Structure formats: structure tokens, C-alpha cells
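Here are the chains, one letter per residue:
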Amino acid sequence: MNKTQNILIIGAGLCGSLLALRMAQRGFQVTLVEKRPDLRKVTQDAGRSINLALSNRGLRGLRLAGVEDAAKKLCIPMNGRMIHDKVGNTFLSPYSGRKDEYINSISRPGLNMLLLDEAEKMPNVKIIFNHACEEVDLENASATFKDFNSKNETTISADVIFGTDGAGSAVRKSMYESHKFLFSFSQQWLSHGYKELEIPAFPENETNAETGYRTYKNALHIWPRGEDMLIALPNLDGSFTVTLFLPYENSEYCFENLTSPEMVHEYFNKEFPDVVEMIPNLSEEFFTNPIGPLGTVKCSPWNAFGKVLLLGDAAHAIVPFYGQGMNASFEDVAVFDEILEKYSSEKTINWNNLFKEYEALRKKDTDAIADLAVDNFHEMKEHTAMEIFQRKRKLETA
Ligand code: FAD
């Protein structure tokens with residue numbers, strides 16, 4: 001295999017930074033280009049999916065690149081779902097009867113920084129920040145970037161390009177607009193958006209700050225309320241990242257109607273009374289943090305001319321209700337790497353065949369998790385509420 005080939009990876013998020021590391025470990029010359037500033041050097045935006053559920057699928061990709069143990073140091077095990085009813089009762093529903101079966105809560109920036117650090121240690125990786133891809137010349141494997149520092153445009157050419165630039169992918173847009181091959185694309189939005197809030201850690205001097213956490217640490221917390229839902233995942237510093245899923249409109253409680261601090265407090269007092277006391281700056285955070293949309297992107301083919309391949313959310317963005325978007329993106333890297341291994345004995349890699357084989361193997365799985373994730377949205381907000389009701393009845397009749 002000709003390992004001196006130049007690989008251009010566009011998007012240094014979770015998928016792109018893991019792919020860069022793995023391709024460098026295989027000996028390729030890797031250039032990784034990211035639109036945003038280096039997240040290790042700037043303050044993070046508040047309210048943007050700060051922590052994520054990391055499962056075995058995702059760990060498989062991290063293991064392959066030798067960073068599983070380092071990632072696990074950033075993890076908090078969650079043994080089950082803790083369901084909160086409207087009067088503050090809680091029920092722990094374990095994921096499994098076995099103690100060693102759990103999912104992990106992990107910091108998104110923490111994990112991304114780890115992957116960037118590891119990629120940067122490789123002598124054959126160059127990382128460029130503050131460059132936004134504007135267009136890709138698919139047939140010639142070159143991409144044009146806007147340099148946010150100089151405001152100039154630059155072009156980077158490579159032997160092959162990987163588009164890991166997320167749900168709003170510019171690489172995918174170039175494929176959509178190419179008209180030189182049939183490209184199918186669909187994007188479906190949910191009627192709900194999400195907003196992140198924070199349950200802070202107990203201050204150190206508080207007498208009841210036994211664990212530092214204001215509610216049970218080792219669980220994924222859910223407040224299911226039929227049309228709307230709140231979830232919370234623990235962070236290592238004693239805080240929880242809370243995500244509110246709420247309709248945009250056409251409901252008594254929806255983003256459109258919650259326009260004043262009084263309304264926000266009224267809503268939380270009615271639906272999530274135990275949360276109100278845990279979020280001291282509730283209305284301030286509510287009005288500062290952005291509302292994020294929730295959508296599913298499907299497209300095909302993922303490959304153009306054997307020169308460009310989409311991976312991660314750029315190929316298959318999904319709604320977060322199975323907590324599998326990042327996991328699927330890491331699994332992409334693992335599956336891709338397995339197929340690449342098969343082609344390693346060839347003197348020159350036939351990227352076109354490799355890309356096609358990868359998509360044929362992978363697309364049915366990513367389509368399946370996309371549909372399951374939408375189903376689980378309804379399950380979580382409606383049926384977990386039913387679970388509370390049934391368990392309460394059992395307790396009452398016991
Ligand atoms: P991204 O993480 O979006 O990274 C894309 C990168 O490309 C970014 O760094 C971006 O700045 C960069 N970029 C974008 N455009 C350009 C451009 N034009 N030029 C150069 N760079 C560009 N998944 C889980 O597995 N578990 C969870 O618990 C979970 N929870 C979630 C909760 C919420 C609320 C949301 C919205 C998502 C959640 N996900 C979860 C999904 C997960 O966030 C994504 O699947 C994952 O981030 C995909 O990784 P990626 O690298 O493909 O894309």
C-alpha cells in the first residue's frame with residue numbers, strides 16, 4: 001500500500017479527530033482542517049450538548065486507536081435510568097441485572113481535546129483551525145477554505161478527502177450540488193427543539209454536599225412528561241448537564257410561549273418541581289442558552305468518484321434519543337478501518353471500491369439507528385411516563 005498518500009479530513013469534531021489519529025497510525029500523511037478555533041485554547045460555548053452517552057460501540061473505535069483507557073478516565077458510569085415523577089419521586093430502572101453493564105457519561109469537549117492531543121502527537125498529522133470549507137472539487141480532490149484569520153481563500157489538494165464536518169456538512173453540499181451523479185438526500189426535523197441547562201455542583205461548604213452531586217450521580221436522569229421531557233447526565237465536576245426537549249409551538253408549554261422568567265418558573269414548578277431547586281439560575285440560563293434543532297439526515301452515495309467520502313453526522317445525522325450519534329460515528333471509523341485493512345496488501349489502494357464496500361456494509365445499520373432513534377423519542381417522553389405510573393400502582397397494591 002502506498003502510505004505516502006495525502007489524506008485531507010474536513011471537520012475536527014469527534015469523528016474527524018479520531019479518523020485523523022487512526023489514519024496517521026496507519027502511516028498516511030494527514031491534514032485535518034476545522035472551521036472553529038482550537039477548542040483547547042478558547043472558552044466553550046454554553047448550552048451546546050456538553051456531555052454525551054458513550055457506549056460499547058463508541059468505545060470500539062477509541063480502543064482501535066489506543067485511547068480507550070484515556071477516554072475512560074473522563075467517564076462516569078450510568079447504571080440505569082432514574083425516572084422522576086411530577087412530585088419528585090424517583091425510580092431507578094437498571095439497564096441490566098449485571099453490575100458491569102452500564103453506559104458512560106463523557107464530556108464532549110474533554111473527549112474532543114483528548115483526540116486532538118493524540119492526533120497532534122503524530123508527526124504525520126497537521127491540524128489547521130479557523131478554516132471553513134466552502135466547496136469541494138470532487139473529481140480532483142481539492143477543497144476551498146475561508147481562512148478566518150487572513151480572510152483569504154485557500155485551496156488544499158489531497159489524494160482523498162474525508163468529509164467529517166457534521167450534520168450541516170459543506171462537503172455533502174458539494175455532492176448535492178454536483179449534478180454529475182445521482183445524489184439522494186433527505187432531512188427531517190422533529191417538531192421539538194432542545195435547550196441545555198446546568199444543575200451545578202454543591203458548593204464545597206454546603207453541609208449536605210456529601211458527594212458534591214445534587215441528585216444521584218450514576219444514572220441517566222429522565223423527567224418524562226408526555227409531549228416534553230427533561231434529561232440530565234452527570235459531569236466529573238459534580239454538575240449535571242440538563243437537556244429540555246420541548247415543542248417549538250402549538251402546545252400549552254412550548255418555546256414560543258415561554259417568553260418571560262415567570263412563565264419559565266411556572267412551567268418548571270408544575271412539571272419538574274424537584275429540578276427548580278437544583279438550578280439556581282434557571283430563567284437566566286433558559287434565556288441565554290440557544291434552542292437547538294433535532295433532525296435526521298440520510299443521503300446516498302456517501303462517496304464521490306472514489307475521491308471523497310462522508311463519515312459521521314455528515315453522512316447520517318440522527319436525533320439523540322438513543323444516545324448513538326457519536327457512537328455510530330466512532331463505529332464508522334472502526335468499520336472503515338477494518339475494510340481498509342483488507343486493501344492494505346494492494347500496492348495502490350482502489351479507494352472507489354473501498355468506499356463502495358464501506359457504504360454497502362454500513363448504510364443499512366446507520367439507517368436503522370436513525371429510525372430507532374426517532375421511535376425512542378416517543379418511547380422516552382411517553383412510555384417512560386407510563387412506566388412510572390405502572391410502578392406506582394404496583395407499589396400501592398403491594
Ligand atoms: P460533529 O461533532 O458535529 O463535528 C463536526 C466538526 O466539523 C465540528 O468541529 C465543526 O466545527 C466542523 N465543521 C463544520 N462545518 C465545517 C466546515 N465547513 N469546514 C470545516 N469544519 C467544519 N451522540 C451520542 O453518541 N451520545 C449522546 O448522548 C448524544 N447526545 C446528543 C445530544 C444532543 C442534544 C445532540 C444534538 C447530539 C447528541 N449526540 C449524541 C450526537 C453527537 O453529538 C453527534 O453524532 C456527533 O457529534 C457526530 O460527530 P461528528 O464528528 O460527525 O460531527
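Residues numbered from 1 in each chain as written. Predicted model: local features only at pLDDT ≥ 70, side-chain atom pairs only at ≥ 80, totals over all residues.

For the protein, the name recorded in an unreviewed UniProt entry is Kynurenine 3-monooxygenase, with Aequorivita aurantiaca as its organism. The UniProt entry for the protein carries the following comment under Pathway (unreviewed entry): "Cofactor biosynthesis; NAD(+) biosynthesis; quinolinate from L-kynurenine: step 1/3." Of the comments in the UniProt record for the protein, the one headed Cofactor (unreviewed entry) reads "FAD". (UniProt positions renumbered as here; feature names shortened; annotations may be inferred.)

Caption draft 1: Structural view of the overall build of the protein. When you go through the protein residue by residue, the secondary structure sums to 11 helices and 19 strands. For 398 residues, the compact-globule estimate of 2.2 N^0.38 gives 21 Å, and the protein sits close to it at 22 Å. Here the C-alpha coordinates of the protein stretch approximately 70 × 45 × 40 Å along the principal axes. (Helix = DSSP H or I, 4+ residues; strand = E, 2+ residues; numbered from the N terminus. Rg over C-alpha atoms; globule rule 2.2 N^0.38 Å.)

Caption draft 2: Fine view of the sheet that holds strand β3 (residues 51-54). On the basis of which strands lie adjacent, the open sheet formed by three strands has the order β3-β7-β4 and antiparallel pairing. Each having just a single partner strand, β3 and β4 (75-78) make up the two edges of the open sheet. If you compare each strand with its neighbour and ignore which way they point, the axes differ by 30 degrees on average. The sheet contact formed by β4 and strand β7 (residues 103-107) spans four bridges and is antiparallel. (Pairing = 2+ DSSP bridges. Axes fitted to C-alpha atoms, helices over the stretch in contact; angles between N-to-C directions.)

Caption draft 3: Highlighting the environment of Pro200. Tracing the backbone through its elements, the reader meets Pro200 in the loop between β13 (184-199) and β14 (219-224). Its 15 C-beta neighbours within 10 Å are what place Pro200 among the partly exposed residues. Beyond its immediate chain neighbours, meaning those up to four positions away, Pro200 contacts Ser239 and Pro280. (Buried ≥ 20, exposed ≤ 12 C-beta atoms within 10 Å, placed from the backbone. Contact = placed C-beta atoms within 7 Å.)

Caption draft 4: The site of the ligand, seen in detail. Around the ligand, 33 residues are found, and the nearest of them are Gly11, Gly13, Gly166, Gly312 and Gly325. Of all the secondary-structure elements, those providing two or more residues to the shell around the ligand are α1 (14-25), β3, β9 (131-137), α9 (313-316) and α10 (325-343). Here the shell around the ligand takes four residues from α10, the largest share from any one element. Split into classes, the residues belonging to the shell around the ligand amount to 14 nonpolar, 14 polar and five charged. (Near = placed C-beta within 6 Å. Nonpolar A, V, L, I, M, F, W, Y, C, P; charged D, E, K, R; others polar.)

Caption draft 5: Just the confidence of the model for the protein, in detail. Across the protein, pLDDT averages 92, with 92% of residues at or above 70. Here the predicted complex carries an ipTM of 0.99, next to a pTM of 0.94. (pLDDT = per-residue confidence, 0-100.)

Caption draft 6: Layout of the sheet that holds strand β19 (residues 308-310). Strand order in this open sheet of six strands is β8-β2-β1-β12-β19-β18, and the pairing throughout is mixed. For this open sheet the edge positions go to β8 (125-128) and β18 (303-304), each flanked by a neighbour on one side alone. Where helix α4 (residues 108-121) meets the sheet, its contacts fall on β2 (29-33) and β8, and the angle it forms with β8 comes to roughly 130 degrees. Running over the sheet, helix α5 (residues 170-178) touches β1 (6-10), β12 (160-163), β18 and β19 and is turned about 115 degrees from β19.

Caption draft 7: Examining the nonpolar core more closely. Counting residues in hydrophobic clusters, the biggest one holds 101 residues, and the most contacted among them are Ala20 and Ile161. Leaving out residues up to four positions away in the same chain, Ala20 has contacts with Ile9, Val30, Leu32, Ala119 and Val125. (Core = buried A, V, L, I, M, F, W, Y, C linked by C-beta atoms within 7 Å.)

Caption draft 8: Representation of the packing of α1 against α10 in the model. Between α1 and α10, the least distance of the axes is 9 Å, while the angle of their chain directions is 25 degrees. In terms of their interaxial angle, α1 and α10 are classed as roughly parallel. Where α1 crosses over α10, the two elements pack in a sense that is right-handed. Contacts from Leu14, Cys15, Leu18, Leu19 and Arg22 in α1 reach Met326, Ser329, Phe330, Asp332, Val333 and Asp337 in α10. (Parallel < 35°, antiparallel > 145°, perpendicular 65-115°, else oblique. Left-handed = near helix turned anticlockwise from the far one by under 90°.)

Caption draft 9: Looking closely at the packing of helix α2 (residues 56-64) against α10. Interaxial distance between α2 and α10 falls to 7 Å at its minimum, and their mutual angle equals 45 degrees. It follows that α2 is oblique to α10 by the angle criterion. With respect to the hand of their crossing, α2 and α10 are arranged in left-handed fashion. Across from Arg57, Gly58, Arg60, Gly61, Leu62 and Leu64 in α2, the residues of α10 making contact are Met326, Asn327, Ala328, Phe330, Glu331, Val333, Ala334 and Asp337. Among the residues making up the contact of α2 with α10, the classes are represented as seven nonpolar, three polar and four charged.

Caption draft 10: Main features of the environment of Met326. The topology assignment puts Met326 in helix α10. Residue Met326 is classed as buried on the basis of its C-beta count, with 27 C-beta atoms lying within 10 Å. The spatial distance from the C-alpha of Met326 to the C-alpha of Glu153 is 31 Å, given a sequence separation of 173 residues. If we skip the residues at most four places from it in the chain, Met326 touches Leu14, Leu52 and Gly58.

Caption draft 11: Local environment of the pairing of strand β16 (residues 240-247). Along β16, six of the eight residues are buried, which leaves the element largely enclosed by surrounding structure. Two elements, β13 and β16, share eight bridges in a ladder whose sense is antiparallel. Its bridge partner being in β16, Gly193 is matched across the sheet by Leu246. Of the pairings in the sheet, the one linking strand β15 (residues 229-234) to β16 comprises six bridges and is antiparallel in character. What sits directly across from Leu230, in β16, is Leu244.

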